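Breakdown of the fold
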Amino acid sequence: QVQLAESGGGLVQAGGSLRLSCAASRRTFSSYAMGWFRQAPGKEREFVVGISRSGDRTYYTDSVQGRFTISRDNAKNTVSLQMNSLKPEDTAVYYCAAGYSVGSVLIASHEYDYWGQGTQVTVSS
């Protein structure tokens with residue numbers, strides 16, 4: 001069992017930045033690929049970015065490429081999402097997720113085994 005806790009959400013103006021963090025409870029954190037998903041009101045949850053368990057591979061959805069950066073610290077059991085140049089369409093609840101992986105980045109939500117409670121990100125225009 002892996003417990004995930006997100007933090008860092010909030011309200012920011014368009015063009016601003018936020019940094020989300022996700023802390024994992026398990027010592028075997030380095031065995032898990034990590035990802036961030038988001039869900040806007042009235043929309044389905046969507047993949048944002050994923051990172052391999054070693055951190056050497058990442059994959060971003062097109063809409064955040066060049067603006068968001070994912071990173072992880074396996075010594076501290078944390079994964080972070082730096083979000084720059086935020087847009088109103090980035091407004092959503094952001095979820096951290098963990099899925100067991102040998103080495104690849106996980107993209108589909110069903111590949112992830114554990115989810116955090118989510119943190120709200122609101123970008124005003």
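Things to note about the sheet that holds strand E7 (residues 68-73)
An order of E1-E3-E8-E7 is seen for the four strands of this open sheet, with the pairing classed as antiparallel. Each of the sheet's edge strands pairs with one partner strand only, and the pair in question is strand E1 (4-7) and E7. This sheet shows a mean twist of 15 degrees between the axes of neighbouring strands, independent of strand direction. Where strand E3 (residues 18-24) lies against strand E8 (residues 78-83), six bridges are found, and the strand directions are antiparallel. Its bridge partner being in E8, Ser21 is matched across the sheet by Ser80.

Some points on the pairing of E3
Residues Leu18, Leu20, Cys22 and Ala24 of E3 are buried on one face, while the alternating residues Arg19, Ser21 and Ala23, pointing to the opposite face, are not. In this structure, E1 lies alongside E3, joined through four bridges in antiparallel fashion. Looking at E3, one finds that Glu6 is bridged to Cys22.

Cut-offs applied
Residues numbered from 1 in each chain as written. Predicted model: local features only at pLDDT ≥ 70, side-chain atom pairs only at ≥ 80, totals over all residues. Heavy atoms only, no water. Pairing = 2+ DSSP bridges. Helix = DSSP H or I, 4+ residues; strand = E, 2+ residues; numbered from the N terminus. Axes fitted to C-alpha atoms, helices over the stretch in contact; angles between N-to-C directions. Buried < 20%, exposed > 50% of the residue type's maximum accessible area, 1.4 Å probe, protein only.

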